[in-house]
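Structural overview
Below are the chains, spelled out letter by letter.
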Amino acid sequence: VHLIESGGGLVQPGDSLRLSCAASGRTFTNWVMAWFRQAPGRDREFIASVTWNLGTTSYADSMKGRFTISRDKAENTVYLQILSLKPEDTGIYYCAARSSAARDFSNWGRGTQVIVSS
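The paragraphs below set out a description of the structure included in this document. (Residues numbered from 1 in each chain as written. Predicted model: local features only at pLDDT ≥ 70, side-chain atom pairs only at ≥ 80, totals over all residues. Heavy atoms only, no water.)

**Topic: the packing of aromatic side chains**
Enumeration over the complete set of coordinates arrives at 6 aromatic pairs. Taking the centre distance of 5.5 Å and the plane angle of 70 degrees together, the rings of F36 and F46 count as edge-to-face. Within this pair, whereas F36 is found in strand 4 (residues 31–38), its partner F46 is found in strand 5 (residues 44–51), the two being separated by 10 residues in sequence. For F36, a relative accessible area of 12% translates into the label buried. A ring pair is formed by Y94 and W108, whose centres lie 6.5 Å apart and whose planes are at 80 degrees; its orientation type is edge-to-face. Separated by 14 residues along the polypeptide, Y94 in strand 9 (residues 91–99) and W108 in strand 10 (residues 107–108) bring together distant segments of the chain. Aromatic rings pair up to connect F36, F46, Y94, F105 and W108 into one cluster. One cation-aromatic arrangement involves R18 over Y79; the distance from NZ or CZ to the ring centre is 4.1 Å. (Phe/Tyr/Trp six-rings, centres within 6.5 Å; stacked < 30°, edge-to-face > 60°. Helix = DSSP H or I, 4+ residues; strand = E, 2+ residues; numbered from the N terminus. Buried < 20%, exposed > 50% of the residue type's maximum accessible area, 1.4 Å probe, protein only. Lys NZ or Arg CZ within 6 Å of the ring centre and 35° of its normal.)

**Things to note about unusual backbone geometry**
For N30, which is not glycine, the phi torsion reads 65 degrees and is therefore positive. Looking at N30, the relative accessible area reads 44%, which means it is partly exposed.

**Here's the deal with the sheet that holds strand 1 (residues 2–6)**
Taking strand neighbours across the sheet as the criterion, the 4 strands line up as 1-3-8-7 in an open arrangement whose pairing is antiparallel. Of all strands in the sheet, those bounded by a partner on one side alone are strand 1 and strand 7 (67–72). Strand after strand, the sheet turns through a mean of 20 degrees between neighbouring axes, direction not considered. As paired elements, strand 1 and strand 3 (residues 17–24) share 5 bridges and run antiparallel to each other. Across the sheet, L3 pairs through a bridge with A23, a residue of strand 3. (Pairing = 2+ DSSP bridges. Axes fitted to C-alpha atoms, helices over the stretch in contact; angles between N-to-C directions.)

This is the structure:
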């Protein structure tokens, strides 16, 4: 499984951003895709997940409202839309994948960095 994130960069507070995760290496039927982030000096935290088949989403409570996860099955891509970016959104954003039968995410991309600063 190969996961390649893109779309990060330096943005200003209040901006919006869409991150992409190109997934390859297998078919993702019955898999779950997710986004995590790691802020400087902090542990990696879960943002949201989406099931490949039905597109069912799940969000961390603290991430509800400004974050939207989606997937495009035809493009084999998972997206994370972030609205009204704040400086505390600064960090490395990682894409992850697991089969629906697995408990933990064992497939990770290398991450894309987002810096929110004026």
